[in-house]
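Working through the structure, step by step
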Amino acid sequence: MANRSLSRRPTNKWAIDLTSRPRYVPDRQFVQHSDLPAPLGYTEHKVQHVESREANSTHLVAKKSWDLALGPFKQIPMNLFIMYMAGNSISIFPIMMVGMMFLRPVKALLAVKSTFVSLEGEHNHVILQKFFYLLGNLSLVCTGPV
């Protein structure tokens, strides 16, 4: 008699029978048979977003090259703030700051080819990024002695 009470389906509409085994459908995973409706927005179809690796790779290379090209422009506000904080006194620290703010962009200008060598491979869009990189470093050289 105890076995009969376990095999019966629940009589309450909000109760779920957890003792029944799920049935297998070949196209899908195991599906639990239930009288409850599916929740709002639920679909049994799997959605897969497929992108080609080549398009994604080209996008990542372009993003990386623009990050390199716009890096000097992002340093200009910081350099101006450091120059403001250094003040107008003559001591070793402001002299070193001015020297480094002048030498770093000059070294970057001399090493443009080696900076973009890893991005040049088969992509020809690097010329515009090199131009902006040069322009940003030239502006850093100009803001150094201000």
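Every value quoted in this text rests on a predicted model; they were computed, and no experiment measured them. (Residues numbered from 1 in each chain as written. Predicted model: local features only at pLDDT ≥ 70, side-chain atom pairs only at ≥ 80, totals over all residues. Heavy atoms only, no water.)

What to know about the overall build of the protein chain
If you tally the helices and strands in the protein chain, you get five helices and two strands. Written out in order from the N terminus, the α and β elements of the protein chain read α-β-β-α-α-α-α. A burial count over the protein chain gives 20% of its 146 residues as buried. Sequence separation of at least 24 residues holds for 61% of the intrachain contacts in the protein chain that already meet a minimum separation of 6. Carbon and sulfur atoms make up 63% of the accessible area of the protein chain, which amounts to about 12500 Å² in all. (Helix = DSSP H or I, 4+ residues; strand = E, 2+ residues; numbered from the N terminus. Buried < 20%, exposed > 50% of the residue type's maximum accessible area, 1.4 Å probe, protein only. Contact = heavy atoms within 4.5 Å. Areas by Shrake-Rupley, 256 points an atom, 1.4 Å probe, with all protein chains shown as cover.)

Considerations on the environment of Ala 62
Structurally, Ala 62 is set in helix H2 (residues 53-86). Placed 64 residues apart in sequence, Ala 62 and Val 126 show a C-alpha to C-alpha distance of 8.0 Å.

Re the packing of helix H4 (residues 112-120) against helix H5 (residues 126-143)
Across the interface, H4 lies against H5 with an axial gap of 11 Å and an inter-helix angle of 150 degrees. The orientation of H4 with respect to H5, classified from their angle, is roughly antiparallel. Here H4 runs over H5; the crossing is right-handed. Across from Val 112, Thr 115, Phe 116, Leu 119 and Glu 120 in H4, the residues of H5 making contact are Val 126, Gln 129, Lys 130, Tyr 133 and Leu 134. A class-by-class count of the residues in the contact of H4 with H5 yields six nonpolar, two polar and two charged. (Axes fitted to C-alpha atoms, helices over the stretch in contact; angles between N-to-C directions. Parallel < 35°, antiparallel > 145°, perpendicular 65-115°, else oblique. Left-handed = near helix turned anticlockwise from the far one by under 90°. Nonpolar A, V, L, I, M, F, W, Y, C, P; charged D, E, K, R; others polar.)

Side note on the UniProt feature "transmembrane region" (unreviewed entry) in the protein chain
Here, the residues flagged by UniProt with the feature "transmembrane region" (unreviewed entry) are residues 81-103. Helix makes up 78% of residues 81-103 and strand 0%, with an end-to-end C-alpha separation of 18 Å. (UniProt positions renumbered as here; feature names shortened; annotations may be inferred.)

A word on the nonpolar core
In this structure, Val 61, Ala 108, Val 112, Phe 116, Leu 119, Val 126 and Tyr 133 together form the largest nonpolar core, which totals seven residues. At the level of secondary structure, the elements contributing two or more residues to this core comprise H4 and H5. (Core = buried A, V, L, I, M, F, W, Y, C linked by side-chain atoms within 4.5 Å.)

Some thoughts on the packing of aromatic side chains
What the rule picks out here adds up to three aromatic pairs. Here the aromatic rings of Trp 66 and Phe 132 are separated by 5.7 Å at their centres, their planes lie at 55 degrees, and the arrangement is tilted. Of this pair, Trp 66 sits in helix H2 while Phe 132 sits in helix H5; the two residues are 66 residues apart in sequence, bridging distant segments of the chain. The class of Phe 132 is partly exposed, set by a relative accessible area of 27%. In textbook terms, an aromatic cluster arises when at least three aromatic residues are bridged by ring pairs, as seen for Trp 66, Phe 131 and Phe 132. (Phe/Tyr/Trp six-rings, centres within 6.5 Å; stacked < 30°, edge-to-face > 60°.)

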